[in-house]
Amino acid sequence: MKIFLDTALVEEIRELADLIDGVTTNPTLVARAGRPFVEVVREICGLVAGPVSVEVTALDAEGMVHEARELAKIADNVVIKIPMGKEGIRAVKKLEAEGIPTNVTLVFSPAQALWAAKAGASYVSPFVGRIDDRAGDGMELVSQILQIYENYGFETEVIVASVRHVRHVVEAALLGAHIATVPYAVAVKLFDHPLTDEGIKRFLSDWEKVPR
Ligand code: G3P
């Protein structure tokens, strides 16, 4: 499973750039970075070799396509994040036909994910955390999407998004999701276990007792 970082903060990306497979951003994350949009996208695209999702803000298909074409000029690894909906799906069809990769975002139902795949989206992003926040089952949605895609041989990759904790990442991997996009705070926890720290400490103190 590929691990993307879900952030627009270049210092976070720089720290893990050699280990991650890509980056996803959204307007909220870009606002948090507090820097000019195009400048920050260009810098992120230069830091990672993998895909970098960047979201459009237009609400009509024509406007989305226009914005997407401009964003795609920033770097070869830009992926256009398109919000789910009729207009979004129209934009995805057009952009993918032009060779501009898309990531359908704000997906909360298997039917929405079916439309994304039918339109030829490169990626689809179910938001598991926001579903779980409302006492739903985000991972059940991921499982349904993966089943539907397998039934029809769709090549759209599933990005498990809105990840809240390590368990989301593990469950995504157990289900066979292609990608999990994780906030920095969760990404660093993926390396950790208290028993690993304790084990290293004990090995080092025992090593001191070895006659040299
Ligand atoms: O990037 C999309 C998604 O991961 C946002 O997550 O935490 O705002 O629900 P969150």
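Scroll up for the structure.
Residues numbered from 1 in each chain as written. Predicted model: local features only at pLDDT ≥ 70, side-chain atom pairs only at ≥ 80, totals over all residues. Heavy atoms only, no water.

A. Broad picture of a nonpolar patch on the surface. A contiguous nonpolar surface patch, about 300 Å² in accessible area, is contributed by L19, L190 and F191. Looking at the element boundaries, L19 is found in the loop between helix 1 (10–16) and strand 2 (22–24). (Patch = residues over 30% accessible without salt bridge, like charges linked within 9 Å, V, L, I, M, F, W, Y side chains within 5 Å. Areas by Shrake-Rupley, 256 points an atom, 1.4 Å probe, with all protein chains shown as cover. Salt bridge = Lys/Arg side-chain N within 4 Å of Asp/Glu carboxyl O. Helix = DSSP H or I, 4+ residues; strand = E, 2+ residues; numbered from the N terminus.)

B. The arrangement of the environment of I159 in detail. Here I159 is to be found in strand 7 (residues 157–160). Expressed as a C-alpha distance, the spacing of I159 and K2, which sit 157 residues apart in the sequence, is 8.9 Å. Those residues within four positions of I159 in sequence are excluded, and the remaining contacts are F4, N103, Y123, V124, S125, P126, I179 and T181. (Contact = heavy atoms within 4.5 Å.)

C. Just the side chain of E55, in detail. Summarising the element assignment, E55 is placed in strand 3 (residues 52–55). When near neighbours in sequence (up to four residues on either side) are disregarded, E55 contacts T25, N26, P27, F37, E67, L71, K81, P83 and T105.

D. Expanded view of the site of the ligand. The ligand sits among D6, N26, K81, F127, R130, A161, S162 and R164. In the model, an oxygen atom of the ligand is placed 2.5 Å from a nitrogen or oxygen of the D6 side chain. S162 places a side-chain nitrogen or oxygen 2.7 Å from an oxygen atom of the ligand. In the complex, the protein chains occlude 81% of the 310 Å² of accessible area that the ligand would expose alone. Mapping the ligand onto the cavity grids shows that it belongs to the largest pocket. Grouping the constituent residues of the shell around the ligand by class yields 2 nonpolar, 2 polar and 4 charged. (Near = heavy atom within 4 Å. Polar contact = N/O pair within 3.5 Å; in protein donor to acceptor, adjacent residues only side chain to side chain. 1 Å grid on protein atoms, 1.4 Å probe; cavity = no way out; pocket = protein on both sides within 12 Å on 5 of 7 lines; lining within 4 Å. Sits in = over half its atoms within 2 Å of the grid points. Nonpolar A, V, L, I, M, F, W, Y, C, P; charged D, E, K, R; others polar.)

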